[in-house]
Amino acid sequence: MNRSFTCLRYMVFLLLMPALIFTPVVGGTSHAFSLDVDKRVAPNGLPVLQVERHNIPVVMVTLLVKASPLSEPADKAGVAYLTSKMLTEGTAKRSAAKISEDIEFLGASLDASTTHDFTTISLSVLKKDVDKGFELFSDILLNPVFREDELNRKKALITGALRQREEDPAFVAGRAFIKEVFGAHAYGRLVEGSIESVGRIQRDDVLDFYRANYCPDNAILSVVGDLTPQELNALVGKYLAGPSGWKRTCPAPQKVSGNGNAGTAPSMMPFAPAGLRIVPIDRDISQANIVLGHLGIARSDPDYYAVQVMNYILGGGGFASRLMRVVRDERGLTYGINSSFIGNKEPGQFEVEVQTKSASAGAVIDEIVRQMEQIRTGEVTDQELSDAKAYLTGSFPRRFETSRRIADFLAAARFYNLGDDYIQKYPDYIESVTKEDVQRVAKKFLHPDRYVLVVVGNQKQVELPQPQPPQEVR
C-alpha cells in the first residue's frame, strides 16, 4: 500500500476522532494514544473494565466468558456454541418470544457468540433504558432454562446451516484444512460442531456446560458508554453482584484438553504436521479453492508483532503484498490471494487462501511455496518494511472507532493478558521490528517443506505437487 496514502488516511482519522476516544501522549511517538480504562473487581469476583464516553447516550456491554470448544468434550463438539445461542431462548420468567419483544421495545440489541477461545454476550442499549437493559442482560445470563423444544429447534437450525454450507467450496476447504492441521485438537473442529456431534447433544449436556463455565470468576465485564463509575457500580451491584445476583462459583477446571479428552492435561499443543500433506476434494466446479499452510503462533508469543509485519509483506497486505503482486498482477492467475496468522490462546494456523482456474492450481501452489521460501532466505526491502509498519500502526486506531469495538477489545485484551499498557505500546512493538526480525520469524514460522494443502476443485484438471517421501496424499 502506498505509504503517503496510508499516512494521509491515518491523519484524517486522527483529525476526526481524537476528541471522542483517544488521549494523545505528548512526547511519545506520533502514533501513541491511550484509553482511560477504569478497572475494578465486583464483590462476586467479576473483573469490571469501564471507559466513559458521554458524547452519545448509548451504553455498550460485553461479557466475555471463558467458555469455548477448548473446554467441551470432543464427542459433544458444539455444546459451547449451542449453550451461548440458548441464552436468549427463554428464562425462568421470559419466553424466547418475550425476550425478543422486550429487546425490540427498548430498541436495544442482545446477542451471544462463541469463538475458538471464548464466548461473548453483548448488549447495546440507550442510556435512558440502561436499567431495563441490565435487568434483561442479567436475566438471560443467570436464569436460562434451556427448554427442550427450544433446544431441538436451535439444533435443527445449526445442522441445517451446516448442511447448507456444504455447497460452499471455500467452507469445505477451510474445514478440511483445520482438521488436517490440528487433528483432534479443538481448533481442528468447527465452533458450531458437526452435524453428528450436535445431534448427540442433550439438554443435560448444555446444563452441565453452563454450570461448569458460566461463573463470575470465569468472566470479564467490559462497559463503554454514557455511564459514570458510580452508575455502573450500582447496576452491577443490583443485577450481577448483589445478594440475588451472580454468586455461583464454577467447579474446579475440567480436565479436558484441547483435544477434548477428559482426564489429560488442561491444554495440549495442537497437532504439528510432518512433511507435505495433500487433501484433494473433488467437486465439479471451474475454480479451484486452495488453502495452504500449517501450525502458526499463539497470541501471547513475543514474536507475534514481527510475524504480523512479515505476513503483511508476504500476503497480508492486500495489493501491497508479494503474493498479490506476483500471483495476481504479474502472472494473472487469480483475482485475489491473501495469507494470515491466526493468533489464538494456543498456537493457531498460518494459511494462504486463493481461488484460481483448476488448470492454474499447480502454478499458483508453486508460486506460494516459492514466495514463502524467498521471504525466509532473502532480506525484505526498506520500502516493504516501512509500508508494513505504516499500515499496521496507522490502521490500529480503527479498532476503536466505536464504543462496541472498544468494549469487545478491552475484554479480549484482558483475556489474552496483553497488559494494561498494550494500546500505548502497540505502535512501538511494530516500529521496533527490523529486517533481521522479519527474516528470523519467517525462518521460524514458515515451513515451505512441510505444510497442509487442501484443494477443492475438479481433480481431473488440477495439477498437484508430486508427492515424495515423507509426503502423503490422502
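Residues numbered from 1 in each chain as written. Predicted model: local features only at pLDDT ≥ 70, side-chain atom pairs only at ≥ 80, totals over all residues. Heavy atoms only, no water.

1. Concerning the overall build of the protein chain
When helices and strands are counted, the protein chain shows 17 helices and 14 strands. Looking at the protein chain residue by residue over its 474 residues, the buried ones come to 57%. Restricting the contact set of the protein chain to residue pairs at least 6 apart, pairs at least 24 apart contribute 80%. If you sum the accessible surface of the protein chain, you get close to 20,600 Å²; carbon and sulfur atoms cover 53% of it. (Helix = DSSP H or I, 4+ residues; strand = E, 2+ residues; numbered from the N terminus. Buried < 20%, exposed > 50% of the residue type's maximum accessible area, 1.4 Å probe, protein only. Contact = heavy atoms within 4.5 Å. Areas by Shrake-Rupley, 256 points an atom, 1.4 Å probe, with all protein chains shown as cover.)

2. Some remarks on the pairing of strand β6 (residues 109-114)
The alternating pattern of β6 places L110, A112 and T114 on a buried face and S109, D111 and S113 on a face that is not buried. For β6 and strand β7 (residues 119-126), the ladder comprises six bridges, and the chain directions are antiparallel. Bridge pairing in β7 places S109 opposite S124. Turn length for the β6-β7 hairpin, with the two strands adjacent in sequence and antiparallel, is four residues. (Pairing = 2+ DSSP bridges.)

3. Side note on the nonpolar core
Grouped together as the largest cluster of nonpolar side chains are 71 residues, with contacts concentrated most on L46, L63, I121, Y214, L221 and V454. The element that contributes the greatest number of residues to this core is helix α7 (residues 169-182), accounting for eight residues. (Core = buried A, V, L, I, M, F, W, Y, C linked by side-chain atoms within 4.5 Å.)

4. What to know about the sheet that holds strand β3 (residues 38-41)
Ordered by their spatial adjacency, six strands build an open sheet running β3-β4-β8-β5-β7-β6, and the pairing between neighbours is mixed. The open sheet has two free edges, formed respectively by β3 and β6, since each of these has just one partner strand. On average, adjacent strands in this sheet sit at an angle of 15 degrees to one another, irrespective of strand direction. Running at roughly 170 degrees to β6, helix α3 (residues 79-86) makes contact with β6 and β7 of the sheet. (Axes fitted to C-alpha atoms, helices over the stretch in contact; angles between N-to-C directions.)

5. Some words on the packing of aromatic side chains
Under the definition given, this model contains 19 aromatic pairs. Taking the centre distance of 5.5 Å and the plane angle of 65 degrees together, the rings of F146 and Y210 count as edge-to-face. Of the two residues, F146 is situated in the loop between α5 (130-142) and α6 (148-165) and Y210 in helix α9 (residues 203-213); the sequence distance between them amounts to 64 residues. Residue classification places F146 among the buried positions, given a relative accessible area of 1%. For Y210, a relative accessible area of 7% translates into the label buried. Pairwise contacts between aromatic rings join Y304, Y305, F396, F400, F409, Y422, Y426 and Y429 into one cluster. Against the face of Y304 rests R299, its NZ or CZ located 3.8 Å from the ring centre. In this arrangement the basic side chain of R399 is found over the ring face of Y426, its NZ or CZ atom lying 5.2 Å from the centre. (Phe/Tyr/Trp six-rings, centres within 6.5 Å; stacked < 30°, edge-to-face > 60°. Lys NZ or Arg CZ within 6 Å of the ring centre and 35° of its normal.)

6. Here's the deal with the packing of helix α11 (residues 304-316) against helix α17 (residues 435-445)
In a pair of packed helices, the angle between the axes and the distance between the axes together describe the arrangement. Taken N-terminus to C-terminus, the directions of α11 and α17 make an angle of 90 degrees; their axes are 9 Å apart at the nearest point. With respect to each other, α11 and α17 are oriented roughly perpendicular. Residues A306, V307, V309 and M310 of α11 pack against D437, V438, V441, A442 and F445 of α17. (Parallel < 35°, antiparallel > 145°, perpendicular 65-115°, else oblique.)

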